[in-house]
Amino acid sequence: MAMRIGTHMPGLASVFSSRTSRKSASRAGNDSAMADGEGYRNPTEVQMSQLVLPCHTNQRGELSVGQLLKWIDTTACLSAERHAGCPCVTASMDDIYFEHTISVGQVVNIKAKVNRAFNSSMEVGIQVASEDLCSEKQWNVCKALATFVAHREITKVKLKQITPRTEEEKMEHSVAAERRRMRLVYADTIKDLLANCAIQDDLESRDCSHMVPAEKTRVESVELVLPPHANHQGNTFGGQIMAWMENVATIAASRLCRAHPTLKAIEMFHFRGPSQVGDRLVLKAIVNNAFKHSMEVGVCVEAYRQQAETHRRHINSAFMTFVVLDADDQPQLLPWIRPQPGDGERRYREASARKKIRLDRKYIVSCKQTEVPLSVPWDPSNQVYLSYNNVSSLRMLVAKDNWVLSSEINQVRLYTLEDDKFLSFHMEMVVHVDAAQAFLLLSDLRRRPEWDKHYRSVELVQQVDEDDAIYHVTSPALGGHTKPQDFVILASRRKPCDNGCVDPYVIALRSVTLPTHRETPEYRRGETLCSGFCFWREGDQLTKVSYYNQATPGVLNYVTTNVAGLSSEFYTTFKACEQFLLDNRNDLAPSLQTL
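Residues numbered from 1 in each chain as written. Predicted model: local features only at pLDDT ≥ 70, side-chain atom pairs only at ≥ 80, totals over all residues. Heavy atoms only, no water.

A short note on the nonpolar core
Formed by 73 residues in total, the largest nonpolar core has its most connected members in Met122, Ile126, Met295 and Val297. Take this core: its biggest share by element is 10 residues, from helix H4 (residues 238–257). Taken together, domain 1 (42–196) and domain 2 (211–366) each give at least three residues to this core, which thus spans both. Counting 35 residues, the second largest nonpolar core, distinct from the first, contains Phe425, Ala491, Tyr505 and Val545. (Core = buried A, V, L, I, M, F, W, Y, C linked by side-chain atoms within 4.5 Å. Buried < 20%, exposed > 50% of the residue type's maximum accessible area, 1.4 Å probe, protein only. Helix = DSSP H or I, 4+ residues; strand = E, 2+ residues; numbered from the N terminus. Domains from an automatic or database assignment.)

Concerning H4
The first and last C-alpha atoms of H4 sit 29 Å apart over 20 residues, in line with the 28 Å expected at 1.5 Å per residue. Judged by how many residues are buried, H4 sits mostly within the fold: 16 of 20 residues are covered. With its phi angle positive at about 55°, Arg258 sits one or two positions after the end of H4. (Expected span 1.5 Å × (residues − 1).)

Some words on the side chain of Glu62
Relative to the helices and strands, Glu62 is located in the loop between strand E1 (46–51) and helix H1 (65–84). According to the relative accessible area criterion, Glu62 is buried, its value standing at 10%. At 3.3 Å, the side chain of Glu62 and the side chain of Arg60 are in polar contact. Here Glu62 is in contact with His56, Thr57, Thr101, Ile102 and Ser103, once residues within four sequence places are set aside. (Polar contact = N/O pair within 3.5 Å; in protein donor to acceptor, adjacent residues only side chain to side chain. Contact = heavy atoms within 4.5 Å.)

A word on the sheet that holds strand E2 (residues 88–93)
As summarised here, the arrangement of the 6 strands in space is E1-E4-E5-E6-E2-E10, forming an open sheet in which the pairing is antiparallel. Two strands bound the open sheet, and with one partner strand each, they are E1 and strand E10 (269–270). Strand direction decides the pairing type here: strand E5 (residues 121–131) and strand E6 (residues 138–150), joined by 11 bridges, are antiparallel. When the sheet's bridge partners are listed, Val124 is paired in E6 with Ala146. (Pairing = 2+ DSSP bridges.)

Let's talk about the packing of aromatic side chains
Enumeration according to the criterion identifies 7 aromatic pairs in this entry. Considering the side-chain rings of Phe269 and Phe271, the 5.8 Å spacing of their centres and the 75° angle between planes classify their relative orientation as edge-to-face. Side by side, Phe269 and Phe271 carry an identical accessibility label, which is buried. Where Trp403 meets Tyr548, the ring centres are 5.7 Å apart and the plane angle is 65°; that geometry is what we call edge-to-face. On the criterion of sequence distance, the pair formed by Trp403 in the loop between helix H6 (383–399) and strand E16 (404–409) and Tyr548 in strand E25 (residues 542–551) is long-range, its members being 145 residues apart. Judged by its relative accessible area of 1%, Trp403 is buried. When its relative accessible area of 0% is taken as the criterion, Tyr548 is described as buried. Site record: aromatic cluster; members linked through ring pairs are Phe439, Trp451, Tyr505, Phe533, Phe535 and Tyr547. (Phe/Tyr/Trp six-rings, centres within 6.5 Å; stacked < 30°, edge-to-face > 60°.)

What to know about a nonpolar patch on the surface
There is a patch of nonpolar side chains on the surface, built from Leu51, Leu53 and Leu133 and spanning about 260 Å² of accessible area. Considering the arrangement of structural elements, one finds Leu53 in the loop between E1 and H1. Exposure remark for Leu53: the relative accessible area of 37% places this residue in the partly exposed category. (Patch = residues over 30% accessible without salt bridge, like charges linked within 9 Å, V, L, I, M, F, W, Y side chains within 5 Å. Areas by Shrake-Rupley, 256 points an atom, 1.4 Å probe, with all protein chains shown as cover. Salt bridge = Lys/Arg side-chain N within 4 Å of Asp/Glu carboxyl O.)

Some remarks on the side chain of Glu45
Counting through the fold element by element, Glu45 comes out in the segment before E1. What makes Glu45 buried here is its relative accessible area of 10%. Here the side chain of Glu45 touches Arg41 through a polar contact of 3.3 Å, side chain to side chain. Residues contacting Glu45, with those up to four places away along its chain left out, are Arg82, Lys111, Ala112 and Lys113.

Description of unusual backbone geometry
Despite not being glycine, Arg258 has its phi angle at roughly 55°, a positive value. Secondary-structure assignment places Arg258 in the loop between H4 and strand E9 (262–266). We classify Arg258 as exposed; its relative accessible area is 67%. Notably, Gln541 is not glycine yet its phi reads approximately 55°, a positive angle.

Observations concerning the packing of helix H2 (residues 167–184) against H6
Look at H2 against H6: their axes get within 9 Å of each other, and the N-to-C directions meet at 155°. Looking at the two axes, H2 sits roughly antiparallel to H6. The chirality of how H2 crosses H6 is right-handed. On the side of H2, the interface is formed by Glu167, Lys170, Met171, Ser174, Val175, Glu178, Arg179 and Met182, while H6 contributes Val384, Tyr385, Ser387, Tyr388, Val391, Ser392, Arg395, Met396 and Ala399. Tallied by class, residues from the contact of H2 with H6 come to 9 nonpolar, 3 polar and 5 charged. (Axes fitted to C-alpha atoms, helices over the stretch in contact; angles between N-to-C directions. Parallel < 35°, antiparallel > 145°, perpendicular 65-115°, else oblique. Left-handed = near helix turned anticlockwise from the far one by under 90°. Nonpolar A, V, L, I, M, F, W, Y, C, P; charged D, E, K, R; others polar.)

Written out as structure tokens, the structure is:
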């Protein structure tokens, strides 16, 4: 994908002037290279390899996704239990996108490890690959993130923390906190997005003579939970429930297309409650909507103990996306669906909204950082995921190991990082201000002009929520240009999971586009991909303040000619930031009680 050329973030990025780049001593304390050496293995890592036999396959001779889900859940659960030292149950599974099918005779290789532990829950990362034993070829099948909860019958579980060692582990550990935040508000987020998302109603314009009634795709099946379906505590394996769900969803999809469908994606879902041996699980599925080449199937799972029970427990709901592939593995056209009036039409319209939400989430959350355009359009259907991407991108940049100390003046340090297609820089100092105070003072970009002369004016365009805001920033002309610059910036702030010693306070900045603030002839539009502040509590009234910026190719020459050392202008700007924090640290005492 071609890189877009943009201009850099104003302010701290612009204080370098007329020097050549150089590398010097490695960053102090960067000893994680030992962890990348041979012989290291994550203590929570579990691997499973399974030979795909005919009993594991579907009608196409490919591994049943239901069987794969059982293997994934088992591997992830073993990894979670290895860390917790006690039984664990599946709490949720994030979006899964299946990139490759697995044929009979091939080998499935599954690797799982705990990315991060919280109080009693932990995030487990799973990688699935297939292997052809004859040709020795291997394919990536999917990646998954599951949340497990440790459970003891007598005492309350308090999990020990994960200590990441490799760069990859540090990135996953850091971003896991942001993913957890998104999971906790996921249900409300989807509800709000569905309520506010504009859905085009095309039911009346479709040819009803070529439509399949949705009721024809309805499936209901019951399963009795037996001891082989549960762990040693009698709780049903989450993977087993997911396999039963995939089974009824496949039947529903087949009734629409009259062919053998292929499951391509499963939307994030949560287990709402436990299921035990002896439960009867009622699984219901129906095609909610059919698009040109894909269809969404909704699945619901309810549990009861005895037939006479009138109340059924809602165990889980999920939405699965299917396609029908031809001989060349290309998706075929699907018939339209005719929903039933009432709830059927509601599900039909919500499926259209969810499709857009899935595309937004997959594009913004799942894609590589180098594939993200500098400015992404801001609208209510993607704001949660843009905020997630904004913070997680900065966290991943912070977690990288190969930062190089470029220069230091009066304990103000400048680091550089050459990685992939970007040159990044990082500035660091320690100030005698509480971390929460520094976080609050620098969170409001409207106060940035008080200490940074490269911010000429800052306008609050939209206060999205408590943690996210959009600003319009103007900056003086720089680098020989006659026009001043302007920026539309999303500022996302996050408080740490702990007290700020391990997890930092974060202020992440990135460019977005707004229809109300288009580029004008008066200004030269600037853009930033990833920048922001992190604050670590070093002691009582002592905070390490770090600023990060990921430069783009359009400003590479400007940056590389100025990274040799700290210019007086740069030093003055960063010291002005320190003085601003010291002068205003007593203004926010009441606000600190909310942090």
